[in-house]
Amino acid sequence: MTTALLEVRGLVKHYRLRGGWPWSPARWLRAVDGVSFELAAGETLGLVGESGCGKSTLGRALLRLVEPTAGEVRLNGESLTALDGRALTAQRKHVQMIFQDPYASLPPRRTVEQILREPLDWHRIGTPASRAGRVGELLARVGLGPSALPRYPHAFSGGQRQRIGIARALAVEPQLIIADEAVSALDVSVQSQILNLLADLQQELGLAYLFIAHDLAVVQHISDRVAVMYLGEIVEQASSRRLYAQPAHPYTRALIDAVPRPASGHRGHRAPLVGEVPSPVEPPSGCRFHTRCPHARPICRSMAPREIELGTAGESHRVRCHLHDPEIDEHFDD
Amino acid sequence: MTPPLLHVENLTIDFDARHGPVRAVDGISFELAAGETLGLVGESGCGKSVTGLALMGLVPSPPGRVVDGSVRFEGFECVGAPEKTLRSLRGKTMSMIFQEPMTALNPVFTVGRQLIDVLRRHEPLDRRQARRRAVEMLERVGIPRAAARMDEYPHELSGGLRQRIMIAMALACRPRLLIADEPTTALDVTTQAQVLAEIRELTEALGTAVILVTHDLGVIAEVCDRVAVMYCGRIVEQAPVDAVFRQPRHRYTEGLVAAVPRIREVPIERLPTIPGTVPEPGRWPSGCRFAPRCAYADAACRAAPPALRPIGESVAACLHPAGDGR
């Protein structure tokens, strides 16, 4: 088997919450609670879940923008979690991020040229003289002309700013781009342009994407594989085709069901999921979804489900749910 | 035929900017029957939210100004009406909910106090009666442990619950019209589905007409009877909701419907796009404002803005409409 570009094993990020009093016991917010997955070169993994499920924290913990509590992240076989200082900087170059809000993630008082040049200078890519040419190339690659160079971010529309953000991410020739809600703030007509641009760049440059989003339709469109997160855990992962055609986890099914369909004749014949996402500070016992699950049984309250492989050879489909565990039978329930 | 509940004609709104007034809404007209649900859909800067505010007489002034047109609510002209009259209408016969309930709720009063205030302002109820009505309202919008929630503060509640409180507050006096501006945009999909279902059930039960302002065509399909599509300050197409998805007529509507990401049984390689970007207010082209982004535009489109005309089941302002053109 070829080694994956990115390998994540048992990643954990807990935040300590300050209690009301110095002597009150510490409480922990379990943002990411034991997440494992792989990502191959040139592949897109979609990461979906509702707000507070830990998907953004996961994206940041991978790059150690927040320090993971436990677990290991390997990039090209090298452990990012063991590196420090210059060695970490060198590895981080291979992974870049684009963010949701292109208004907040571009420095307002720098020109586009300065913004695109900074990563080149920082990582000492090419000769100082060649960098100017490279900046022009990057702009062209994301569909902007050289007239953009001397201008400031405020002079651009949301879609154009997101293009600049993408160009900045591409500057250091990364192998992986982590896109955190990269198109959610954009208008529909612009959103599809950016999604197509990301697809083109992947074709041309062989990029891998970790595409973090709450919009299941967008994730389906762009992803080869999809992982569904709930309260800090990945509850299901499979190929995009398989996940949407045969969702195995009741949560995945409910999520797909809840998406409003922009088509006629879809009024109100869905059974929406009841309740809301519980707090990640004291997540429910057993299966974390049992408080909202229409199929919950007594065992779901007491025992956390293990990961079950439903896939066939060559096509993995993993789910954390007792319903699919052949060893959990009805008689466990008393 | 009964006269419409709401009759909007040639509504035109300007905002003062550094270089003089900029038009935000440019002569829109529509009607709404009692109990009907109309979706007002469009992308950022199209004027949909300002339109919603204008119907309530809430356009911030300055810098905003209704420069022309009329808004008649049950025959009463709201444009230019004294603030005092409008205040007695707001919350009583027409009310509004916003995208972010946290900014609309008062953080220093309990949920119950705020609900009771709304009720007692408009109806001759004593405290106890008002409290009972308030609890009942919270129950109707699907809030568990409604009586206990009355004594909680907005920050103690989740986004979904807060939005339900807003809905309860808006509908407490059984208004004839509810204006909902992106009511579910800040919510997760599973909560969105619940909240939309509650808006629909409750307004149907109370016979309240709804104007739903949103950028999300999926939400429109879920709740609305009719849609008005806005682009650059104008309504470019109005149609029954089914017709808009089955056969959009205006080329912008067609592009918008195609570009919406949707869960598909057979995924497609490339998403259909609309080239270019939405022009900002103040930089709208003359003629058809969609012409620079439209593959079908010709000299006639650029010369003068096309008039709205009936095309199939729609009324659309397009010289080269989609479909067979009948």
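Residues numbered from 1 in each chain as written. Chains lettered and ligands numbered in written order. Predicted model: local features only at pLDDT ≥ 70, side-chain atom pairs only at ≥ 80, totals over all residues. Heavy atoms only, no water.

Teacher, can you tell me more about the nonpolar core here?
The nonpolar side chains of a soluble globular protein tend to be buried, and buried together. B:Ile97, B:Leu115, B:Leu138, B:Ile165, B:Ile167 and B:Tyr252 are the most contacted members of the largest nonpolar core, which totals 69 residues. Broken down by element, this core gets its largest block of residues, 8 residues, from helix α7 (residues 159-171) of chain B. Contacts of B:Ile167, omitting those with residues within four sequence positions, involve B:Ile97, B:Val141, B:Val195, B:Ile199 and B:Leu202. The next biggest cluster of nonpolar side chains, apart from the first, holds 66 residues, and it includes A:Leu120, A:Leu198, A:Ala238 and A:Ile328. (Core = buried A, V, L, I, M, F, W, Y, C linked by side-chain atoms within 4.5 Å. Buried < 20%, exposed > 50% of the residue type's maximum accessible area, 1.4 Å probe, protein only. Helix = DSSP H or I, 4+ residues; strand = E, 2+ residues; numbered from the N terminus. Contact = heavy atoms within 4.5 Å.)

What is the right way to look at the interface of chain B and chain A in this model?
Accessible area lost upon the coming together of the parts is a frequently used measure of interface size. Contact residues are listed per partner, giving 46 residues for chain B and 39 residues for chain A. Approximately 3,600 Å² of surface area, both sides summed, lies buried where chain B meets chain A, with 54% of it carried by carbon and sulfur atoms. In this assembly, chain B and chain A are joined by 1 salt bridge. Across the pair B:Arg270 and A:Asp200 runs a salt bridge, and its minimum N-O distance is 2.7 Å. Counting across the chain B and chain A interface gives 14 residue pairs in polar contact (both at pLDDT 80 or more). Elements supplying a minimum of two residues to the side of chain B that touches chain A: α7, α8 (189-206), α9 (217-223), α10 (241-246) and α11 (251-259) of chain B. The dominant element in the side of chain B that touches chain A, judged by the number of residues it contributes, is α8(B), at 8 residues. (Buried area = accessible area lost by both parts, 1.4 Å probe. Salt bridge = Lys/Arg side-chain N within 4 Å of Asp/Glu carboxyl O. Polar contact = N/O pair within 3.5 Å; in protein donor to acceptor, adjacent residues only side chain to side chain.)

Explain the packing of aromatic side chains here, please?
Working definition: an aromatic ring pair is given by the centre-to-centre distance plus the angle between the planes. Tallying each qualifying case throughout the model produces 6 aromatic pairs over all chains. Aromatic side chains A:Tyr230 and A:Tyr251 sit 4.5 Å apart centroid to centroid with 55° between the ring planes, which places their arrangement in the tilted category. A residue pair is termed long-range when its members are at least 10 positions apart, and A:Tyr230 in strand β9 (residues 225-230) and A:Tyr251 in helix α9 (residues 250-258) qualify at 21 residues. Grouping residues by exposure puts A:Tyr230 and A:Tyr251 together as buried. Arranged with centres 4.3 Å apart and planes meeting at 45°, the rings of B:Tyr231 and B:Tyr252 form a pair that is tilted. Separated by 21 residues along the polypeptide, B:Tyr231 in strand β9 (residues 226-231) and B:Tyr252 in helix α11 bring together distant segments of the chain. The class of B:Tyr231 is buried, set by a relative accessible area of 2%. The class for B:Tyr252 is buried, based on a relative accessible area of 0%. Here the aromatic residues A:Tyr230, A:Tyr251 and A:Phe289 are joined through ring pairs into a cluster of three or more. A:Arg151 extends its terminal NZ or CZ atom over the ring of A:Phe156, reaching a point 4.7 Å from the ring centre. (Phe/Tyr/Trp six-rings, centres within 6.5 Å; stacked < 30°, edge-to-face > 60°. Lys NZ or Arg CZ within 6 Å of the ring centre and 35° of its normal.)

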